[in-house]
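One-letter residues, chain by chain:
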Protein chains: 4
Amino acid sequence: MCRWMAWHGQPVLIDELLFKTQHGIVDQSLYSRLGAEPTNGDGFGLGWYGTGPGPAVYRNIAPAWSDTNLRELAANVHSPLFMAHVRAAIGSPVQETNCHPFRRGQWLFCHNGFIADFHLLRRDLMLAIDPELFAEVHGSTDTEVVFYLALTLGLEDDPIGALEATVGMIEEVAQKHGVDDAVQATFGTSDGVHLWAVRYATGGDARSLFTSADPATVRDLYPDNPRFQRLTEEDRLVVSEPFSDLPGVWREVPESTAVTVGPAGLLEERPFRPLAPGSG
Amino acid sequence: MCRWMAWHGQPVLIDELLFKTQHGIVDQSLYSRLGAEPTNGDGFGLGWYGTGPGPAVYRNIAPAWSDTNLRELAANVHSPLFMAHVRAAIGSPVQETNCHPFRRGQWLFCHNGFIADFHLLRRDLMLAIDPELFAEVHGSTDTEVVFYLALTLGLEDDPIGALEATVGMIEEVAQKHGVDDAVQATFGTSDGVHLWAVRYATGGDARSLFTSADPATVRDLYPDNPRFQRLTEEDRLVVSEPFSDLPGVWREVPESTAVTVGPAGLLEERPFRPLAPGSG
Amino acid sequence: MCRWMAWHGQPVLIDELLFKTQHGIVDQSLYSRLGAEPTNGDGFGLGWYGTGPGPAVYRNIAPAWSDTNLRELAANVHSPLFMAHVRAAIGSPVQETNCHPFRRGQWLFCHNGFIADFHLLRRDLMLAIDPELFAEVHGSTDTEVVFYLALTLGLEDDPIGALEATVGMIEEVAQKHGVDDAVQATFGTSDGVHLWAVRYATGGDARSLFTSADPATVRDLYPDNPRFQRLTEEDRLVVSEPFSDLPGVWREVPESTAVTVGPAGLLEERPFRPLAPGSG
Amino acid sequence: MCRWMAWHGQPVLIDELLFKTQHGIVDQSLYSRLGAEPTNGDGFGLGWYGTGPGPAVYRNIAPAWSDTNLRELAANVHSPLFMAHVRAAIGSPVQETNCHPFRRGQWLFCHNGFIADFHLLRRDLMLAIDPELFAEVHGSTDTEVVFYLALTLGLEDDPIGALEATVGMIEEVAQKHGVDDAVQATFGTSDGVHLWAVRYATGGDARSLFTSADPATVRDLYPDNPRFQRLTEEDRLVVSEPFSDLPGVWREVPESTAVTVGPAGLLEERPFRPLAPGSG
């Protein structure tokens, strides 16, 4: 169990969203309200697009709430597109190579949820990774394997399609091993231009996922909130858990749904349908 | 806010009490029930008396729940007297020198609670430490200062008396600075033979503290519990928070009370009365 | 590049060998003299057989020279058989799951050296691991893969034979990928009764390895050294690098040699000959 | 023993100086050539002036050479003025609050060297700190005490004068305690506009300190070096140890000398003369 959030919009100081919200992701690391576990203290990561050629990543095994370097970084870096993740380890080691977001080239990837009985499926799933990419898997999480499977199956060309194929393959491998309800997930990924998010669980009852409402609506609802008044039409948040209790600000993403966020305020939803390997 | 526990009795594998109880101290690091804060994930420490000339101390800034070395250590070390502490930092840095228990010579010391407005009092309190000991204060917690004040005021000769003098002095310094309700505390300390514990708060409503009931009573109450049947007359636990919900096993220590645990099952309580510097 | 050491003999305080020697393994972490790199500051590990059902392992990503917990542990734990390793990471992440010794059941395993171009061979080598063991590989080092290959190929029944088969297989896989001089190694492994060590490099010029000389000889050579006078006939050290410059105390293990150390002072050497998969 | 460096000039990617030089500060953390100790692996820090209201600080207890987050940060942050420090702990704990540079408001401060027998002087020196600042001393290094003494004695108004008064006071306190050769130091400090550096040792033979030569000279000497051709007239480096062996690029700062670096390529040297408390 974990929590993640992503921002796509005008460049903002990362601090504004990580630490200055009522119930932001760092607060959620200590007291998550909607999560399967209330504490997400087994490391965290921040990936941001900024001045470098690709995304930068800061990861640490300390709990996010006590990391002084994260506060420094957040207070000094602006970004138009970033992703933060706080981790509850449920079994795999607490080490930087297990912290999300994972990165390859222009791509970031994070996950809230799990692959059921991953130890039974790990070998078959790793064998399905493109041999050229195999040696790039440095950690031991299910999520990193999902990311490399998705890269193998075309993430860079068709992110949602590749994730549908990846989930379909995992479900098929799981079935072969007698594992039910294989995938429990919200995924977030980005190439620095668009941001994609998925909410899906094989057995239903997927982890929570929300998007921020249309900025104009938010501004109108809360005319006295100076933070909301600074929102522009292009600003969008995708979060595991709302940052506040304010009615009208957050919209739940339905189960089995993929979201695309893009420039100029683009926000689209479509059904997410896993595709078994032989069925394409 | 923190949680601590101490064992005094037959030599036991530390594991038995740290990890194999229903709701032991490591479990409390993740989900404390009675604490002011539910999470105590800002480091921990274990001090034990064993085969060496003095107590050994293992401290780490990682949360206790994810520390694999702690599990190894606990599963391989026996001790007749040990103390464990999980920390919620409330402001001071997460670093090993701020983890309890603190040690000097044969002595261990730990604390659940705080000195109110410690930053206002820190200089005056540090000046009151024996100049010979001043340079031994390596961290930045209020607790370490309390420990060195108590050493200055005679901890090694009369532990409870020295703590009464220490609390009295802190309250006086606090009053001088206009700080109310200066001390909120349960303290635990040991010289390897006895174990002393104090429950006290200047303004009342002190942090919780419990001792285990008489072993014979516990055995009789739960004749089918193999762990309890192994208890001998000399076995005593002092804990911030019970390890189980079993009625009759835990006795709350009253407020403003000092407890002495010693060989042969000794368990005594007496009133704890802070002594202001000029009033002795 | 790394350094390791192992003790087999009378129970000793670990401290005696880790910190109280002239140029012990912790000193080697800061200033190795014979190593390919002078600094081995990328984590360390200590595995010891003692009071528990199997070996205990303490691993940390901090440099050994500054780890205060290691000093505490070493000063308080006695063991008749233990293994310590200091690491220079040469590329793979600094994380506990990459620290030696690795453990499975009763077995410990450590390595000084490397598999050449491991990223090219990793997939093929991991596929050769027993599928039942695959999910137990938690880190990303070449050494952990070597250990699980050796377990797959019979380490528990015939340690040296299994290591000959493992090295033979790695050399064959390397050849297939056009990688020369595949294996550079000293290995150390134990089941808690015997200790085995191997010095071997595919292209020759293997990393250094030494055993301590016959205790009677050492005592006679240095009659005024109280530490040496305490040696009994069963005491043996295997080390990457001598702890002292004293003549007559250390014997270099020849290249392509396997050493077996066992109860009652057993010390045997035999040639180490890698066995290619099809040639058995 | 430590190493530090500071840049004052055109905004540069921090990476350029931390990782892309022949023998930069991170390389010096592993293999210092001129230092009293070759390894500076007990933590490090980076302080930079950039987009925030004051300097940002990133500190870590891991060795600089293996910190992946430092590489990310350096590759993504530009700054016209920054300071980096790698630490060899010589006794005090390895913790973030002991990592340089220290910060207060707009000010950064770092140090290579030590106060002799600091444990004997610590109390007297801490008492001399402005009581308002006392509680801000969070770590246990001599350097942090020097910084707060300098703040007490006017660092913000006259940096070099305040350091002369601070060193004079330390020498006087040391003399009172029978401690010779009290101060061994190069100091670096900045307010975000100027950069000041001092080379001084009570007993002479101060730690090394260098400034980069006039940019025009450097460009003329090495017309084929593209990095040097990008230097402008305002670019200046102050370093414990040169980043390269190139003749003519580095100028040693004489002993007992203070350096001021400022906008528009300002570089001034003047004698540094400690001022005893009563002698002003």
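Treat the numbers as computed from the prediction; the structure is a model and nothing was measured.

## With respect to the pattern of salt bridges
Going through the model one piece at a time under the given rule, you end up with 44 salt bridges over all chains. A salt bridge links Arg-199 of chain A to Glu-255 of chain A; its shortest N-O distance comes to 3.9 Å. Here the residue Arg-199 of chain A occupies a position in strand β8 (residues 195-201), and Glu-255 of chain A occupies one in the loop between β11 (250-252) and β12 (257-262), the gap between them amounting to 56 residues. Arg-199 of chain A gets classed as buried once you look at its relative accessible area, which sits at 6%. Two residues, Lys-176 of chain C and Asp-124 of chain C, come together in a salt bridge whose shortest N-O distance is 3.1 Å.

## Digging into the relation of the copies chain A and chain D
In screw terms, the move from chain A to chain D is a rotation of 180° and a rise of 0.0 Å along the axis, fitting with an RMSD of 0.0 Å. Taken together, the rotation and translation relating the two chain copies correspond to the operation of a two-fold axis. With an isologous cut-off of 70% or more, the 100% of interface residues of chain A that recur at the interface of chain D puts this contact in the isologous class.

## As for the packing of aromatic side chains
Counted by the stated rule, this structure contains 34 aromatic pairs over all chains. With 6.2 Å between their ring centres and 85° between their planes, Tyr-58 of chain B and Tyr-58 of chain C make a pair best called edge-to-face. Note that Tyr-58 of chain B is positioned in strand β3 (residues 56-60) and Tyr-58 of chain C in strand β3 (residues 56-60), a pairing that runs across two chains. Residue classification places Tyr-58 of chain B among the buried residues on the basis of a relative accessible area of 4%. In textbook terms, an aromatic cluster arises when at least three aromatic residues are bridged by ring pairs, as seen for Phe-44 and Tyr-58 of chain A together with Phe-44 and Tyr-58 of chain D.

## Digging into the interface of chain D and chain B
Contacts between chain D and chain B engage 15 residues on the former and 15 residues on the latter. Regarding the contact of chain D and chain B, the summed buried area is about 1,500 Å², with carbon and sulfur atoms giving 61% of it. Taken as a group, Arg-122, Arg-123 and Phe-134 of chain D account for 39% of the area that chain D buries against chain B, more than any other trio of residues on that side. Put simply, chain D and chain B have 0 salt bridges between them. The tally of links between chain D and chain B comes to 8 residue pairs in polar contact (both at pLDDT 80 or more). Sorting the residues of the side of chain D that touches chain B by element identifies α4 (118-127) and α5 (131-134) of chain D as the ones contributing at least two each. Top element by residues in the side of chain D that touches chain B is α4 of chain D. It accounts for 5 residues. Residues belonging to the side of chain D that touches chain B are distributed by class as follows: 8 nonpolar, 5 polar and 2 charged.

## A closer look at the side chain of Ser-190 of chain B
Residues and elements named next belong to chain B. On the secondary structure map, Ser-190 appears in strand β7 (residues 183-190). You can call Ser-190 buried: its relative accessible area is 1%. Discounting chain neighbours no more than four positions away, the residues touching Ser-190 are Tyr-49, Leu-81, Met-83, Gln-106, Trp-107, Leu-108, Leu-195 and Trp-196.

## Brief notes about the environment of Phe-272 of chain A
With respect to the element layout, Phe-272 of chain A can be found in the segment after β13 (266-271). The contacts of Phe-272 of chain A, once residues within four sequence positions are left out, are Ile-160, Leu-163, Glu-164, Val-167, Val-198, Tyr-200, Ser-256, Thr-257 and Ala-258 of chain A.

## Focus: the sheet that holds β8 of chain A
Residues and elements named next belong to chain A. Overall, antiparallel pairing links the 6 strands, which are arranged β5-β6-β7-β8-β12-β13 in an open sheet. Of all strands in the sheet, those with a lone pairing partner are β5 (102-104) and β13, marking the two edges. Strand-to-strand twist in this sheet, taken as the mean axis angle between neighbours without regard to direction, amounts to 15°. Note: strand β7 (residues 183-190) against β8, 7 bridges, orientation antiparallel. Considered in β8, the bridge of Ala-185 is made with Tyr-200.

## Observations concerning the sheet that holds strand β5 (residues 102-104) of chain D
Residues and elements named next belong to chain D. Taken in spatial order, the 6 strands line up as β5-β6-β7-β8-β12-β13 in an open sheet, and their pairing is antiparallel. Two strands close off the open sheet at either side, each with one partner strand: β5 and β13 (266-271). Strand-to-strand twist across the sheet, computed as the mean angle between neighbouring axes with direction ignored, equals 15°. Strand direction decides the pairing type here: strand β6 (residues 107-115) and strand β7 (residues 183-190), joined by 8 bridges, are antiparallel. Along β7, the bridge assignment pairs Ile-115 with Val-183.

## With respect to the environment of Ser-208 of chain D
Residues and elements named next belong to chain D. Among the secondary structure elements, Ser-208 is positioned in the loop between β8 (195-201) and β9 (210-212). For the pair formed by Ser-208 and Ala-185, sequence separation is 23 residues and the distance between their alpha carbons is 9.0 Å. Setting aside anything within four residues of it in sequence, one finds Ser-208 in contact with Arg-3, Leu-34, Thr-186, Arg-199 and Ser-240. At 2.7 Å, the side chain of Ser-208 forms a polar contact with the backbone oxygen of Ser-240.

## Notes on the packing of helix α4 (residues 118-127) of chain B against helix α7 (residues 159-176) of chain B
Residues and elements named next belong to chain B. It is at 10 Å that the axes of α4 and α7 come closest, and there the two elements cross at 130°. Our classification of the angle between α4 and α7 gives oblique. Handedness of the crossing formed by α4 with α7: right-handed. Contacts from Leu-121, Asp-124 and Leu-125 in α4 reach Ile-170, Val-173, Ala-174 and Lys-176 in α7. Here the contact of α4 with α7 is composed, by residue class, of 5 nonpolar, no polar and 2 charged.

## Remarks on the interface of chain A and chain D
Counting residues at the interface gives 17 residues for chain A and 17 residues for chain D. Taking both partners together, chain A and chain D bury about 1,300 Å²; carbon and sulfur atoms supply 38% of that area. Together, Asn-69, Glu-72 and Asn-76 of chain A form the three largest contributors to the area buried by chain A at its contact with chain D, with a combined 39%. Remark: the boundary between chain A and chain D carries 2 salt bridges. Across the pair Arg-103 of chain D and Glu-72 of chain A runs a salt bridge whose closest N-O atoms are separated by 2.6 Å. Linking chain A with chain D are 10 residue pairs in polar contact (both at pLDDT 80 or more).

## Considering the confidence of the model for chain A
When the pLDDT values of chain A are averaged, the result is 94; 99% of them are 70 or greater. With pTM at 0.94, the complex prediction returns an ipTM value of 0.92.

## A few points about the pairing of β7 of chain D
Residue and element names in this part refer to chain D. Within β7, 8 of the 8 residues are buried, leaving the element largely enclosed by the surrounding structure. Neither face of β7 is open: one carries Val-183, Ala-185, Phe-187 and Thr-189, the other Gln-184, Thr-186, Gly-188 and Ser-190, and all of them are buried. In this antiparallel pair of consecutive strands, β7 and β8, the connection spans 4 residues, and Gly-192 shows a positive phi of 95°.

## What to know about the state of the cysteines
Overall, the coordinates contain 0 disulfides over all chains when judged by the stated rule. In this model Cys-99 of chain C remains outside any disulfide bridge; the closest cysteine sulfur is found in Cys-2 of chain C, 9.6 Å from its own.

## What to know about unusual backbone geometry
Of note, the amide linkage connecting His-100 of chain C to Pro-101 of chain C takes the cis form, showing an omega dihedral of -5°. Checked against the element boundaries, Pro-101 of chain C lands in the loop between β4 (78-87) and β5 (102-104). With phi around 55°, Ser-256 of chain C is a residue other than glycine that occupies positive phi space. Here Ser-256 of chain C falls in the partly exposed class, since its relative accessible area comes to 29%. Even without glycine at this site, Asp-181 of chain D takes up a positive phi of about 45°. The residue Asp-181 of chain D is located in the loop between α7 (159-176) and β7 in this model.

So, how was this worked out
Residues numbered from 1 in each chain as written. Chains lettered and ligands numbered in written order. Predicted model: local features only at pLDDT ≥ 70, side-chain atom pairs only at ≥ 80, totals over all residues. Heavy atoms only, no water. Salt bridge = Lys/Arg side-chain N within 4 Å of Asp/Glu carboxyl O. Helix = DSSP H or I, 4+ residues; strand = E, 2+ residues; numbered from the N terminus. Buried < 20%, exposed > 50% of the residue type's maximum accessible area, 1.4 Å probe, protein only. Least-squares fit on C-alpha atoms with pLDDT ≥ 70 in both. Contact = heavy atoms within 4.5 Å. Phe/Tyr/Trp six-rings, centres within 6.5 Å; stacked < 30°, edge-to-face > 60°. Buried area = accessible area lost by both parts, 1.4 Å probe. Polar contact = N/O pair within 3.5 Å; in protein donor to acceptor, adjacent residues only side chain to side chain. Nonpolar A, V, L, I, M, F, W, Y, C, P; charged D, E, K, R; others polar. Pairing = 2+ DSSP bridges. Axes fitted to C-alpha atoms, helices over the stretch in contact; angles between N-to-C directions. Parallel < 35°, antiparallel > 145°, perpendicular 65-115°, else oblique. Left-handed = near helix turned anticlockwise from the far one by under 90°. pLDDT = per-residue confidence, 0-100. Disulfide = S-S within 2.5 Å.

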